[in-house]
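Fold and contact review
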Amino acid sequence: MMAPLGAAKVPALAKAPADIGGNGEPTEIQKAILQEAERLYGSGCTQYELVVTGGPYEDILAGMDTDQYNIYVNYANADTFALGSDASPTLYNSYYNNVVTLKLPDGLILSDDMMRSMEEIYDDLIESVTREGNTYQVRLADCDAYASSTAQFAINLTVCGNGTENAVKSYTFDTDAVSFSSSFMILDKTGDVVVELREYTQSTSTSMNPVKTHSQDEWLIEKSVKKNDGKDITIDKNAKTATVTWIVELGLKNTNADSASASSAMMREPEAYTELNGRDAIEFMQVNEHMMAYILKADGSGLVNPTLQSVTAVRTGEHAATASVGGADFELLSLLPLDTRKIDSDGDKLVDQEVPVYTKYEITAVYALTDDMIAHFTEENRKIECDNQARLSYKLYTIANPADQTVSAEAEAQLPKHVPATLNISKKLYKYGARDAAAYDGSHGAISYLISAAVPFDVWVKSGNT
């Protein structure tokens, strides 16, 4: 008989069948058997021991399965009843109605795949696995009681909450999270016919090792200049504009890459985000943009800022979108939020949770150029310099506030000059007998001559259409 492990259910005294003793009352030997059974099994003791081992040995990620839990049910062999002779029959033959019950906290489940796998792998032991809410019942096959034995099976729990506010959480189990219930029938084996006397149903319970999750989410921002024909800035002489396009990238840090490698520090494949576990929800995220541009003044006395004509932001990729920006300072994500994909958050193999993924933006700024910004041909070349700063601030629901990140990129381009005026002077000859002067056609060979004469002309500066 096992030591007390949990409260036992003590059944009421059941009368023996009516054909025993002729009046339905138990015989004297049956009374002795029942008295012995009550002494052994009616005092809160159980005939089985329930042990649960294993589980996570470290924090895991939401969306993953836990390490294996091992559940053991140790059955005691049936006690015997001494008849005062060599015959000592056992008080019962088997354990039946054997059920292991799991009560899981919200956020932990036995997945459908796990339940099917248990029935397939342990087909000789497990008859069925059923679920009702957060409670699971594992029905075990009957077990002979002639000798002590152990029933053992393993389970993995699935952690829900991937991509939600519950991605990082501690899960603890009730003291009776795992319970085992079983029945056995006290028998009278002294006669030619075995007679059922009384059924005992006993139960015991225990807890499980806790589960704790964490997240590896760390968002990064990177900024660069988009080249146009190899140039940072496109100068349109006719429209008198300077155009620059900035690239802003937001994505998770690639935890599998060498952090020292800038090219691999950020995950840049949006679809790869759907395979990640431990995605923590974003409570808030901001990207504050600040753009500047300046040109050296004509007299070299300082800097002049060109007028910003327009700013356009584009979210590239599968879910492309465009927004007009009002000025040089703006918050990017309020105009164009991060791109998203759907993932399975609760282990049912169905995508049900939107999560942010790698997103690439192109921000195009157009600056107006005025005549006084353009150098004359006698001056040295000037250049326009543009700078763009972006500051990333964000907070995840369950991770301590990360430090803000500020990134910047610079672009520059040479500006065109005012070209000098070109003055062409030509003279025509009157051929002998010709009425009009014409350019010499070379028909009489090379002619060298020197003519000295005054040719008056005026130089005008064109203004508008005059």
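Just so it is clear, the model here is predicted, and its values are computed rather than measured.

**Quick word on the pairing of strand β21 (residues 321–325)**
In the sheet, strand β20 (residues 307–315) pairs with β21 via five bridges, with the strands oriented antiparallel. Opposite Ala-313, over in β21, you have Ala-323 as the bridge partner. In this antiparallel pair of consecutive strands, β20 and β21, the connection spans five residues, and Gly-317 shows a positive phi of 95°.

**A closer look at unusual backbone geometry**
Of note in the backbone geometry, Asp-229 takes a positive phi value of approximately 55° without being a glycine. Relative to the elements of secondary structure, Asp-229 occurs in the loop between β15 (219–225) and β16 (233–236). By relative accessible area, which is 75% here, Asp-229 ends up exposed. With a phi angle near 55°, Lys-240 is a residue other than glycine that sits in the positive phi range. With respect to the helices and strands, Lys-240 occurs in the loop between β16 and β17 (241–252).

**Remarks on the sheet that holds strand β1 (residues 48–54)**
Spatial ordering of the open sheet is given by β1-β3-β9, a layout of three strands whose pairing is antiparallel. The open sheet terminates on both sides in strands that have one partner only, identified here as β1 and β9 (149–155). Each strand axis lies, on average, 15° off the axis of its neighbour in the sheet, ignoring direction. Across seven bridges, the pairing between β1 and strand β3 (residues 69–75) is antiparallel. Its bridge partner being in β3, Leu-50 is matched across the sheet by Val-73.

**Brief notes about a negative patch on the surface**
Taken together, Glu-119, Glu-120, Asp-123 and Asp-124 make up a surface patch of like negative charges. Structurally, Glu-120 is set in helix α2 (residues 112–121).

**Things to note about α2**
Residues of α2 that are buried include every one of Met-114, Met-115 and Met-118, and no others. Here the buried residues of α2 occupy an arc of 100° about the axis, which is enough to place them on one side. Contacts from the buried residues of α2 go to β6 (126–132), β7 (135–140) and β9.

**Examining the side chain of Thr-359**
Mapped onto the fold, Thr-359 is located in strand β25 (residues 359–368). The exposure class of Thr-359 is buried, given its relative accessible area of 2%. Looking at Thr-359, its side chain comes within polar contact range of the main-chain nitrogen of Asp-339, at 2.9 Å.

Basis of the calculations
Residues numbered from 1 in each chain as written. Predicted model: local features only at pLDDT ≥ 70, side-chain atom pairs only at ≥ 80, totals over all residues. Heavy atoms only, no water. Pairing = 2+ DSSP bridges. Helix = DSSP H or I, 4+ residues; strand = E, 2+ residues; numbered from the N terminus. Buried < 20%, exposed > 50% of the residue type's maximum accessible area, 1.4 Å probe, protein only. Axes fitted to C-alpha atoms, helices over the stretch in contact; angles between N-to-C directions. Patch = residues over 30% accessible without salt bridge, like charges linked within 9 Å, V, L, I, M, F, W, Y side chains within 5 Å. Areas by Shrake-Rupley, 256 points an atom, 1.4 Å probe, with all protein chains shown as cover. Salt bridge = Lys/Arg side-chain N within 4 Å of Asp/Glu carboxyl O. Lys, Arg positive; Asp, Glu negative; His and termini not counted. Charge placed at Lys NZ, Arg CZ, Asp CG, Glu CD. Arc of directions from axis to C-beta. Contact = heavy atoms within 4.5 Å. Polar contact = N/O pair within 3.5 Å; in protein donor to acceptor, adjacent residues only side chain to side chain.

That's the geometry; what it means functionally is another story.
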